[in-house]
Amino acid sequence: FLPHLVASMEQVDQTYIMIKPDGVQRGLVGEIISRFEKKGFLLKGLKLFECTKELAEEHYKDLREKPFFPKLIDYITSGPVVCMAWEGVGVVASARKLIGATNPLQAEPGTIRGDLAIQTGSFSEVVFAFGLLKPCKESHSHGKLSCRNVVHGSDSPENGLREIELWFKEGELCQWTQVQAPWLKE
Ligand code: IDP
Ligand code: MG
């Protein structure tokens, strides 16, 4: 039992972290990368990327039935995103804690969403619903998008692997050892 417990605690996982278009547009790329870097996780892959509608839909396929799904796809494809693969013991759960709750207004101070975001844009949704503003490409430059919360993080080790495979091509990930590794891990 105990060896099994210790083994599961030492499981090295990988997570897919993505700085969403609002994070890139607002100049938060360095700040967000820095939080994962300072924690000590191992960066395996990193790129600035403009994703297609098809890729965004595949990534978020579990949310297909949600009413905000079309707006979510519109948001994710509205500008470049920063794709990252991070590795470490417990990295999936730890990254979710660093990121904070889905709704930035409910995210704790100290988390990325709690510190760096306010609203996902639900007010704009109301405005769109009454036909006062059109959710067209033009409006993107003014931030009139729904679902904004600056960053994505995988919700399970399985999804971490699935999403890294989806967003990165072969040869885009690096195998390397941090010089600080002995100072971080036993
Ligand atoms: P997560 O990103 O915290 O894992 P999910 O439930 O997986 O949250 O939803 C994926 C993304 O869809 C969110 O990060 C956010 O951009 C958007 N989203 C989820 N729920 C809502 C909502 O109720 N209103 C607006 N956007 C939402
Ligand atoms: Mg999620």
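Residues numbered from 1 in each chain as written. Chains lettered and ligands numbered in written order. Predicted model: local features only at pLDDT ≥ 70, side-chain atom pairs only at ≥ 80, totals over all residues. Heavy atoms only, no water.

If you look the protein up in an unreviewed UniProt entry, it shows as Nucleoside diphosphate kinase from Acorus gramineus. Turning to the protein, the UniProt record has this under Cofactor (unreviewed entry): "Mg(2+)". (UniProt positions renumbered as here; feature names shortened; annotations may be inferred.)

**Q** Just checking my understanding: could you explain the packing of aromatic side chains for this structure?
**A** How two aromatic rings sit relative to each other is set out by the distance from centre to centre and by the angle between their planes. Applying the stated rule across the entire model yields four aromatic pairs. Grouping aromatic residues by their ring pairs yields a cluster made of Tyr-16, Phe-49, Trp-167 and Phe-168. A cation sits over an aromatic face here: Lys-47 above Phe-49, 4.3 Å from the ring centre. (Phe/Tyr/Trp six-rings, centres within 6.5 Å; stacked < 30°, edge-to-face > 60°. Lys NZ or Arg CZ within 6 Å of the ring centre and 35° of its normal.)

**Q** Looking at this model, I keep getting lost on the sheet that holds strand S3 (residues 81–89). Mind explaining?
**A** Backbone hydrogen bonds hold the strands of a sheet together, and the pairing may be parallel or antiparallel. Reading across the sheet, the four strands line up as S2-S3-S1-S4 and stay open at both edges, with antiparallel pairing between neighbours. What marks the edges here is a single partner per strand, and that holds for strand S2 (42–49) and strand S4 (151–153). Across the sheet, the axes of successive neighbouring strands diverge by a mean angle of 15°, strand direction being ignored. Pairing of S2 with S3 involves seven bridges; the strand directions are antiparallel. In the sheet register, Leu-42 faces S3, and the bridge partner there is Glu-87. Its contacts with the sheet place helix H6 (residues 91–99) against strand S1 (12–19), S3 and S4, and it is angled at close to 30° to S1. (Pairing = 2+ DSSP bridges. Helix = DSSP H or I, 4+ residues; strand = E, 2+ residues; numbered from the N terminus. Axes fitted to C-alpha atoms, helices over the stretch in contact; angles between N-to-C directions. Contact = heavy atoms within 4.5 Å.)

**Q** In this structure, what is going on with the pattern of salt bridges? I would like to understand it.
**A** Note on pairing: side chains with opposite charge can pair once their charged atoms come close. With the rule as written, the count across this model stands at seven salt bridges. The shortest N-O distance in the salt bridge between Arg-35 and Glu-31 comes to 2.9 Å. One end of the pair, Arg-35, and the other, Glu-31, are both in helix H3 (residues 29–39), four residues apart, so they sit about a helical turn from each other. Between Asp-115 and Arg-35 there is a salt bridge; the shortest N-O distance is 3.1 Å. One end of the pair, Asp-115, is in helix H7 (residues 112–116); the other, Arg-35, is in helix H3, with 80 residues separating them in the sequence. A residue is classified by how much of its surface remains accessible, and Asp-115, at 39% relative accessible area, is partly exposed. Connected through shared salt-bridge partners, Glu-31, Arg-35 and Asp-115 make up one network. (Salt bridge = Lys/Arg side-chain N within 4 Å of Asp/Glu carboxyl O. Buried < 20%, exposed > 50% of the residue type's maximum accessible area, 1.4 Å probe, protein only.)

**Q** Would you explain the UniProt feature "binding site: ATP" (unreviewed entry) in the protein in this entry?
**A** This chain's UniProt record puts "binding site: ATP" (unreviewed entry) on Lys-20, Phe-68, Arg-96, Thr-102, Arg-113 and Asn-149. If you trace the backbone, Lys-20 turns up in the loop between S1 and helix H2 (21–25). What makes Lys-20 buried here is its relative accessible area of 4%. With near-sequence residues (within four places) excluded, Lys-20 lies in contact with Tyr-60, Tyr-75, Ile-76, Val-81, Arg-113, Asn-149, Val-150, Val-151 and His-152. A polar side-chain atom of Lys-20 sits 2.8 Å from a polar atom in the side chain of Asn-149. Along the chain, the position of Phe-68 falls in the loop between helix H4 (53–59) and helix H5 (69–76). When near neighbours in sequence (up to four residues on either side) are disregarded, Phe-68 contacts Leu-63 and Cys-147. (Polar contact = N/O pair within 3.5 Å; in protein donor to acceptor, adjacent residues only side chain to side chain.)

**Q** Teacher, can you tell me more about the side chain of His-59 here?
**A** Topologically, His-59 is positioned in helix H4. Of the residues examined, His-59 reaches a relative accessible area of 4% and is grouped as buried. Among all residues touching His-59, those that are not within four sequence positions of it are Tyr-16, Met-18, His-152, Arg-162, Glu-163, Leu-166 and Trp-167.

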